[in-house]
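# A closer look at the structure
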Amino acid sequence: NALQAIADNLAWVARVRTVVHSNWSGAQLCKAVPVFTLEVDESGALRDLELAKSSGDRYCDESAERAIRKSDPLPAPPRGALALELGMNPKDTL
């Protein structure tokens, strides 16, 4: 069912955010939101990671990327390998 698939993916993204933000030690110094494109395999292993939109602050971008890499492997996605765009909002860690 399509609605269940959407709900499962939203729940998975929330888990990914929680894991990544728990590893983001530089968030309190960030004033803007870097956005990353991630490709994750069916086990949750990070296959690709790119900065899609800079926060305008190199330290913020790099610390957010380190948090994502430190979180590898991520929780396994509910429906196999996928790609997603993840905005790293520093306010989410407060």
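Preceding this section is the structure that the text describes.
What counts, and where the lines are drawn
Residues numbered from 1 in each chain as written. Predicted model: local features only at pLDDT ≥ 70, side-chain atom pairs only at ≥ 80, totals over all residues. Heavy atoms only, no water. Disulfide = S-S within 2.5 Å. Helix = DSSP H or I, 4+ residues; strand = E, 2+ residues; numbered from the N terminus. Buried < 20%, exposed > 50% of the residue type's maximum accessible area, 1.4 Å probe, protein only. Pairing = 2+ DSSP bridges. Salt bridge = Lys/Arg side-chain N within 4 Å of Asp/Glu carboxyl O. Expected span 1.5 Å × (residues − 1). Contact = heavy atoms within 4.5 Å. Polar contact = N/O pair within 3.5 Å; in protein donor to acceptor, adjacent residues only side chain to side chain.

### With respect to the state of the cysteines
In total, this model carries one disulfide according to the counting rule given. What pairs with Cys30 in a disulfide is Cys60, and their sulfur atoms sit 2.3 Å apart. Linking Cys30 and Cys60, the disulfide has an S-S dihedral of approximately 120° and is accordingly described as right-handed. Here Cys60 lies in helix H2 (residues 58-70) and Cys30 lies in the loop between helix H1 (2-22) and strand S1 (35-40), a separation of 30 residues in the sequence. The pair formed by Cys30 and Cys60 is uniform in burial state, with each residue classed as buried.

### Let's talk about the pairing of S1
Both S1 and strand S2 (residues 46-53) contribute to a ladder of six bridges, which runs antiparallel. When the bridges of S2 are listed, Leu38 appears paired with Leu49. Between S1 and S2, which follow one another and run antiparallel, lie five residues, and Gly44 among them has a positive phi close to 100°.

### Let's talk about the pattern of salt bridges
With the rule as written, the count across this model stands at four salt bridges. A salt bridge links Arg58 to Glu62, with the shortest nitrogen-to-oxygen separation between them at 3.1 Å. Placement of both Arg58 and Glu62 in helix H2 is noted, with a separation of four residues, approximately one turn of the helix. What makes Glu62 partly exposed here is its relative accessible area of 35%. A salt bridge links Glu65 to Arg69, with the nearest nitrogen and oxygen atoms 3.0 Å apart. Residue Glu65 and its partner Arg69 are both found in helix H2; the two are separated by four residues, about one turn of the helix. Judged by relative accessible area, Glu65 falls into the partly exposed class, the value being 27%.

### Structural notes on H2
Counting along an α-helix, one turn takes 3.6 residues, and residues three or four places apart therefore face a common direction. In this model, H2 (13 residues) spans 18 Å end to end at C-alpha, consistent with the 18 Å of a helix rising 1.5 Å per residue. Residues of H2 that are buried include every one of Cys60, Asp61, Ser63, Ala64, Ala67 and Ile68, and no others. Buried residues along H2 sit against H1, S1, S2 and strand S3 (82-87). You can read the cap of H2 off the contacts: a side-chain oxygen lies 3.0 Å from the backbone nitrogen of Tyr59, and it is on Asp57.

### Details of the side chain of Asp61
When you line up the elements, Asp61 lands in helix H2. A distance of 2.5 Å separates polar atoms of two side chains, one belonging to Asp61 and the other to Ser54. Not counting residues within four places of it along the chain, the set of residues in contact with Asp61 comprises Pro34, Phe36, Leu51, Ser54, Ser55 and Gly56.

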